[in-house]
Amino acid sequence: QVQLVESGGGLVQPGGSLRLSCAASGSIFSINAMNWYRQAPGKQRELVASITRGGRTNYTDSVKGRFTISRDNAKNTVYLRMNSLKPEDTAVYYCNAVGVLAQAVDALRLGDYWGQGTQVTVSS
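My aim in this report is to walk through the structure given alongside it, one point at a time. Predicted model only: the values in this text are computed from it and were never measured. (Residues numbered from 1 in each chain as written. Predicted model: local features only at pLDDT ≥ 70, side-chain atom pairs only at ≥ 80, totals over all residues. Heavy atoms only, no water.)

As for the pairing of strand β3 (residues 18-25)
With five bridges joining them, strand β1 (residues 3-7) and β3 adopt antiparallel strand pairing. Residue pairing for β3: E6 is matched across the bridge by C22. Two strands pair when backbone bridges link them, and β3 and strand β8 (residues 77-82) are joined in this way by six bridges, in the antiparallel orientation. Across the sheet, L18 pairs through a bridge with M82, a residue of β8. (Pairing = 2+ DSSP bridges. Helix = DSSP H or I, 4+ residues; strand = E, 2+ residues; numbered from the N terminus.)

Here you go:
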């Protein structure tokens, strides 16, 4: 059983910073990639940042230079440092783990998992 638990969301003023974290738990052997998505009301969920097992990162244009994704493979944890936050960053942020190799009750399983989402609100 694999679960992703997120933390770090909240209310912050424009220009402020937050750090989101997401820890994957379970009998996990490896995770291919970890991602952060966000979804604002009435909008499609968008990929914000991704990081591979080897540490290669990618960002959507709107957050480049402001957000930093990182991961600790030993802890199966991914982080998103968000600086210079803008009101348009307001959304529910979701952690996503892709290519998770884990031990199920009767076999190894390769699957994808999502966190529950954490609200980030940027407002004065």
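Quick notes on the environment of P87
Along the chain, the position of P87 falls in the loop between β8 and β9 (91-103). Along the sequence, P87 and D72 sit 15 residues apart, while their C-alpha atoms lie 29 Å from each other. With near-sequence residues (within four places) excluded, P87 lies in contact with P14 and V122. (Contact = heavy atoms within 4.5 Å.)

Let's talk about the side chain of S50
Take S50: it is sitting in strand β5 (residues 46-52). Contacts of S50, omitting those with residues within four sequence positions, involve M34, N35, R56, T57, N58 and I69.

A short note on the environment of V2
With respect to the helices and strands, V2 occurs in the segment before β1. Judged by relative accessible area, which is 11%, V2 ranks as buried. A sequence separation of 102 residues divides V2 from A104, and the C-alpha atoms of the two residues are 9.1 Å apart. (Buried < 20%, exposed > 50% of the residue type's maximum accessible area, 1.4 Å probe, protein only.)

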